[in-house]
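Take a look at the letters that make up each chain.
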Amino acid sequence: MARKALIAGNWKMNGSLAESRKLVSALRAGLGEGQGGEMLLAPPYVYLAGVREWIAGSPILLGAQDVADRHGAGAFTGEVSGAMLTDVGCTHAIVGHSERRTLYGETDEIVAAKFKAAQAAKLVPILCVGETLAERDAGTTERTVSRQLEAVLDTAGVAAFSRAVLAYEPVWAIGTGRTATPEQAQEVHAFLRALVAARDATISADLRILYGGSVKGANARALFDMDDIDGGLVGGASLVAAEFLEIYRAAT
Ligand code: PEP
């Protein structure tokens, strides 16, 4: 893998303070010095400060699961700005996760605004794209992921992708136990890379594209062996230290 692997754990709305601490401690113990790839944890907002403390002195990176789309500060109840996330030690923020798009009505425009807001706060956005099962069955996967990606490319510009990570997450594979085959994933990853290459070949060649959707220790290596898969965005399996470490090792 020419690009440095990134294995990101999206804890979603799971865990407690005590469980989070235990998980980080087990990851640190199993990680050792790290093996060349990067490991990132994206806990719920309220645990960011704790996780920052517990990963101190380790190579583990901290990320947020979301970021406010506009406004640096003010009367925006419930929102968390990019500057606040940087302040508590985040280097990355996930934007456009399918759960945000489908359950909270985030449009391509909102996702593009979040991408820009993250970068304005010096965070690396991890931009998620992916088709639903109905779209895959209808043969419109490429149309969906290109619409989602182009919305951000048009708004932020291709140069912004030299400071971003892309994640292909087929919605039908998230939390379902049904993983895309390595070939299915590679096909979409290569398509996404080509879309970026049409605007800038150098940025495209360096862009990390993660796969997400029921990644586990048992299927990780076959996915990461694919040319255009540069690591994983992991939900459920990131809550189990042994499983997440196995995935991390499969990428490095
Ligand atoms: C995710 O939430 O980004 C994800 C890929 O979840 P899971 O690994 O549980 O499918």
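First things first, this report covers the structure right here in the doc. (Residues numbered from 1 in each chain as written. Predicted model: local features only at pLDDT ≥ 70, side-chain atom pairs only at ≥ 80, totals over all residues. Heavy atoms only, no water.)

Take the pattern of salt bridges next. In the structure shown here, the tally under the stated rule is 15 salt bridges. A single network of salt bridges, built from pairs that share partners, joins R3, R193, D228 and D230. (Salt bridge = Lys/Arg side-chain N within 4 Å of Asp/Glu carboxyl O.)

Its location among the elements puts K114 in helix 5 (residues 108–120). Judged by relative accessible area, which is 5%, K114 ranks as buried. Engagement of the side chain of K114 in a polar contact is seen with the side chain of D66, the distance being 2.9 Å. Those residues in contact with K114 that sit more than four places away from it in its chain are D66, V67, A68, D69, V95 and E106. (Helix = DSSP H or I, 4+ residues; strand = E, 2+ residues; numbered from the N terminus. Buried < 20%, exposed > 50% of the residue type's maximum accessible area, 1.4 Å probe, protein only. Polar contact = N/O pair within 3.5 Å; in protein donor to acceptor, adjacent residues only side chain to side chain. Contact = heavy atoms within 4.5 Å.)

Before going further, it helps to examine helix 10 (residues 217–224). The complete set of buried residues in helix 10 reads G217, N219, A220, L223 and F224. Mapping the buried residues of helix 10 onto a view down its axis gives an arc of 155 degrees, with all of them on the same face. (Arc of directions from axis to C-beta.)

This part takes up the packing of aromatic side chains. As enumerated under the stated definition, the model contains 2 aromatic pairs in all. Their ring planes at 25 degrees and their centres at 5.1 Å tell us that F115 and F161 sit as a pair that is stacked. With a gap of 46 residues between them, F115 in helix 5 and F161 in the loop between helix 7 (141–156) and strand 6 (165–168) connect regions that are remote in the sequence. For the pair shown, F115 and F161 are each scored as buried. Here the guanidinium or amino end of R100 rests over the ring plane of Y104, the centre of that ring lying 4.2 Å away. (Phe/Tyr/Trp six-rings, centres within 6.5 Å; stacked < 30°, edge-to-face > 60°. Lys NZ or Arg CZ within 6 Å of the ring centre and 35° of its normal.)

Once that is clear, we can look at the nonpolar core. By size, the foremost hydrophobic cluster in this structure holds 67 residues, and its most contacted members are L127, F161 and F224. For this core, the element with the highest residue contribution is helix 11 (residues 241–250), accounting for 6 residues. Those residues in contact with L127 that lie beyond four places of it in its chain are V95, R101, V111, F115, L149, V152, F161, V165, L166 and A167. By size, the runner-up hydrophobic cluster in this structure holds 11 residues, among which are I94, I126, V165 and L233. (Core = buried A, V, L, I, M, F, W, Y, C linked by side-chain atoms within 4.5 Å.)

A negative phi angle characterises most non-glycine residues, just as the trans form characterises most peptide bonds. If you check the backbone angles, K12 has positive phi at about 55 degrees while not being a glycine. Along the polypeptide, K12 turns up in the loop between strand 1 (6–10) and helix 1 (17–31). Look at K122: it is not a glycine, yet its phi comes out positive at around 70 degrees. Note on placement: K122 falls in the loop between helix 5 and strand 5 (124–129). With a relative accessible area of 72%, K122 lands in the exposed category.

A few words now on the side chain of R193. Along the chain, R193 turns up in helix 8 (residues 182–197). Given a relative accessible area of 8%, R193 falls into the buried group. For R193, the side chain forms a polar contact with the side chain of D228, separated by 2.5 Å. The residues touching R193, leaving out its near neighbours within four places in the chain, are R3, S204, A205, L207, I209, D228 and D230.

For the rest of this paragraph, the subject is the site of the ligand. Around the ligand, the structure places 14 residues, and the nearest of them are K12, E169, G175, S214 and G235. K12 has a polar side-chain atom sitting 2.6 Å from an oxygen atom of the ligand. Contact distances for the ligand include 2.8 Å between an oxygen atom and a backbone N or O atom of G235. Protein chains bury 95% of the 290 Å² of accessible surface belonging to the ligand in isolation. (Near = heavy atom within 4 Å. Areas by Shrake-Rupley, 256 points an atom, 1.4 Å probe, with all protein chains shown as cover.)

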